[in-house]
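Understanding the architecture of this molecule
What follows is the residue order along each chain.
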Amino acid sequence: MRHLLLTVTLSLFCLNCLNTEPAEENTNPSTDDYRVVEAFPNLDFTRPVDLQHPGDETGRLFVVEQRGVIQWFENDPTTTEQTVFLDISGRVNDSGNEEGLLGLAFHPEFQDNGYFYVNYTNNEGTNISRFRASPDDPGSALPESEEVILSFDQPYSNHNGGQVSFGPDGYLYIAVGDGGAGGDPQGHGQNRSTLLGTILRIDVDNREGDNLYAIPPDNPFAGNSDGYREEIYAYGLRNPWRFSFDPETDNLWTGDVGQGAYEEVSIIENGGNYGWNIMEANHCFSPSSGCDRSGLELPVWEYDRSRGDVSVTGGFVYRGPTLPGLEGTYIYGDFASGRIWSLNVADQQEPVNSEIAHVSFGVSSFGVDAENELYICGFDGKIHRLEPL
């Protein structure tokens, strides 16, 4: 699942929006400092691709399975029970390695309104849909409550993106890949008239015209007369599989899966153009040399494929309670190699990228609980966590 979608744009450059505060205790962690263990050893999942908490003070965790099922369980390492929250497997097309039910976001007022949002593919393309939890049983969702908020075609089966998340501004952000195949053959990355190859931002609490959402007034192309899609927040992305917000700085970090040579991690800014397919990370792609880099945002980190790392999985800036040596660093991984790193950008000119673990399973996603403790979704069917040695 080499493209299972990730948008971590890591490079030797740091955007001027960076304002992280990595830990002073240990700026160069290593595999001698941490190990990966099963967080909930009694539970098993089928191709878990996302982990979320509902923000409703229940302490529950929800795991998204690519086949179209969401399950929840108590955040207790000894728990033996997991409950199906939503099953839309009959609506989901997961025939391709990068298709299926790909993302989950709980509305900030979920505790009161019961709304949550999912990102999934069907035979027509991608649906961003709203569902509602049962008012009589908060442990169960209502499949018939679906409202398709936004839908768009996918010309190929890969590069679907998948993340949905509410930002600190209360708007819904959506990761969308370039539509697939190789090299962006339809030129979506630099085409602002399409939703593909972007991160979108919409206001799901208001409506405009026939849409079930409104355009935030500070979206970069809001009200434009050039035919650009007003939902676009940033563009020039290849396959931003996973992104996250740093809860202390509000920076939006994304891992962007590369084409054939480089994987990247970026910090996303409003209106930013992240270069695809003019560039792959910090390198010219089309043309292969002498490309015009003016106006392009470069990644904060990149890595090549010389060690078998071929598909970046975006993670989180660590703000949890149990791993002080990683505080303020960006934790991410590679789906194919199983390597997990800590990226320290305290020195914006010389970021420090440290390998902290190497696992034998595909690292499909990361997630955090209500305390910002970090978890790892593995294609071994388990949810994992880091612990100090």
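Residues numbered from 1 in each chain as written. Predicted model: local features only at pLDDT ≥ 70, side-chain atom pairs only at ≥ 80, totals over all residues. Heavy atoms only, no water.

Attention shifts here to the packing of aromatic side chains. Tallied over the entire structure, the rule returns 22 aromatic pairs. Centre to centre, the rings of Phe335 and Phe379 are 5.4 Å apart; their planes meet at 90 degrees, and the pair counts as edge-to-face. On the criterion of sequence distance, the pair formed by Phe335 in the loop between β22 (330–334) and β23 (339–344) and Phe379 in the loop between β26 (374–378) and β27 (383–388) is long-range, its members being 44 residues apart. Taken together, the ring pairs connect Phe62, Phe85, Phe106, Phe110, Phe116 and Phe131 into an aromatic cluster. Above the plane of the ring of Tyr115 lies Arg130, whose end atom (NZ or CZ) is 5.0 Å from the centre. It is Arg242 that lies over the ring of Trp241; its NZ or CZ is 3.7 Å from the centre. (Phe/Tyr/Trp six-rings, centres within 6.5 Å; stacked < 30°, edge-to-face > 60°. Helix = DSSP H or I, 4+ residues; strand = E, 2+ residues; numbered from the N terminus. Lys NZ or Arg CZ within 6 Å of the ring centre and 35° of its normal.)

What follows deals with the sheet that holds strand β12 (residues 172–176). Read across the sheet, four strands follow the order β11-β12-β13-β14 without closing on themselves; strand pairing throughout is antiparallel. Looking along the sheet, the strands with just one partner apiece sit at the ends: β11 (164–166) and β14 (232–235). Averaged over all pairs of adjacent strands, the angle between strand axes in this sheet comes to 20 degrees, irrespective of strand direction. Bridge analysis of β11 against β12 gives three bridges, and the strand direction is antiparallel. Within β12, the position partnered with Val164 by the bridge is Ile174. (Pairing = 2+ DSSP bridges. Axes fitted to C-alpha atoms, helices over the stretch in contact; angles between N-to-C directions.)

Judged by nonpolar contacts, the single largest core of 22 residues is most densely connected at Leu150, Leu172 and Ile174. Excluding residues that lie within four positions of it along the chain, Leu150 makes contacts with Thr126, Asn127, Ile128, Ile174, Leu195, Leu200 and Tyr213. Grouped together as the second largest cluster of nonpolar side chains are 21 residues, Val49, Leu104, Phe131 and Ala141 included. (Core = buried A, V, L, I, M, F, W, Y, C linked by side-chain atoms within 4.5 Å. Buried < 20%, exposed > 50% of the residue type's maximum accessible area, 1.4 Å probe, protein only. Contact = heavy atoms within 4.5 Å.)

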